[in-house]
Amino acid sequence: MEIKNYLKNLDPYRAKLEQSELQTKRIAARKEGDAASSAQGDRVSLSDEAKLRTEAYSAALAAPDVRQEKVDALKSKVESGEYQVDSRAVAEKLLKEEQDLFG
């Protein structure tokens, strides 16, 4: 006489355990795949335009905030009375800017 274990498939605890083991194996396999891809490293490539913008930004950061030679030249002209403001040119530029804003 042969005895078969038909209750094996009906055991909810065993099914849960097998499902848990399967899930653990899947997670381990996924982690191995992630580790393999990160070992190769990520790559970044920049376009020529991006490189040019980076260089321009670096140059702008390196430039002084104030062009002291210009400030000194204007300061000496104002102190000596040589600096004359052309009020007509200033007014024309103000009107042109106003037109550009609302025109």
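1. Some words on the overall build of the protein
And then number 1: Along its length, the protein carries four helices and zero strands.
And then number 2: Mapped in sequence order, the helices and strands of the protein form the string α-α-α-α.
And then number 3: For the protein, the residues scored as buried account for 0% of the 103 residues in total.
And then number 4: About 10,700 Å² of surface is accessible on the protein, with carbon and sulfur atoms providing 54% of the total.

2. Some thoughts on the pattern of salt bridges
And then number 1: In this structure the tally under the stated criterion is three salt bridges.
And then number 2: For the salt bridge of R53 with E49, the shortest nitrogen-to-oxygen distance reads 2.8 Å. Pair noted here: R53 and E49 are both in helix 2 (residues 48-62), with a separation of four residues, about one helical turn.

3. Side note on helix 4 (residues 87-102)
And then number 1: Its 16 residues place the ends of helix 4 23 Å apart at the C-alpha level, agreeing with the 22 Å of an ideal helix rising 1.5 Å per residue.
And then number 2: Of all the 16 residues making up helix 4, zero are buried; the element is thus mostly uncovered.

4. Some thoughts on a nonpolar patch on the surface
And then number 1: Side chains of L74, V78, Y83, V85, V90 and L94 sit close together on the surface and give an oily, nonpolar patch of about 560 Å² of accessible area.
And then number 2: For the nonpolar patch, the elements supplying multiple residues, two or more each, are helix 3 (68-80) and helix 4.
And then number 3: Inspection of the secondary structure assignment puts Y83 in the loop between helix 3 and helix 4.
And then number 4: Its relative accessible area of 42% is what places Y83 among the partly exposed residues.

5. A short note on helix 2
And then number 1: Taking 1.5 Å per residue, 15 residues should reach 21 Å; helix 2 reaches 21 Å between its end C-alpha atoms and fits that length.
And then number 2: Little of helix 2 is tucked away, with zero of its 15 residues classed as buried.

6. Points about the environment of K77
And then number 1: Tracing the chain through its elements places K77 in helix 3.
And then number 2: Classification of K77 by relative accessible area gives partly exposed; the value is 40%.
And then number 3: The residues contacting K77, other than those within four sequence positions of it, are E82 and Y83.

Parameters at a glance
Numbering of residues starts from 1 in each chain and follows the order in which that chain's sequence is written. Only residues with pLDDT of 70 or above have their local features reported here, since the model is predicted, and side-chain atom pairs are shown and tallied only from 80 upward, although totals for entire chains, interfaces and linings are computed over all residues. Where side-chain values are given, they derive from all heavy atoms of the structure, hydrogens and water being excluded. Here a helix means four or more residues in a row that DSSP labels H or I, a strand means two or more in a row labelled E, and each is numbered from the N terminus. Exposure is judged per residue with a 1.4 Å probe applied to protein chains only, and the accessible area is read against the type maximum: over 50% gives exposed, under 20% gives buried, and values in between give partly exposed. All accessible areas in this document rest on Shrake-Rupley with a 1.4 Å probe, and a residue is counted as covered only by the protein chains that are shown. Salt bridges are counted wherever a side-chain nitrogen of Lys or Arg sits within 4 Å of a carboxyl oxygen of Asp or Glu. A helix is expected to reach a length of 1.5 Å times the quantity of its residues less one. Distance thresholds for patches are 9 Å for like charges and 5 Å for nonpolar side chains (Val, Leu, Ile, Met, Phe, Trp, Tyr), applied to residues having over 30% relative accessible area and no salt bridge. Should any heavy atoms of two residues lie within 4.5 Å, those residues are counted as being in contact.

Limitation: the analysis is restricted to geometry and does not speak to function.
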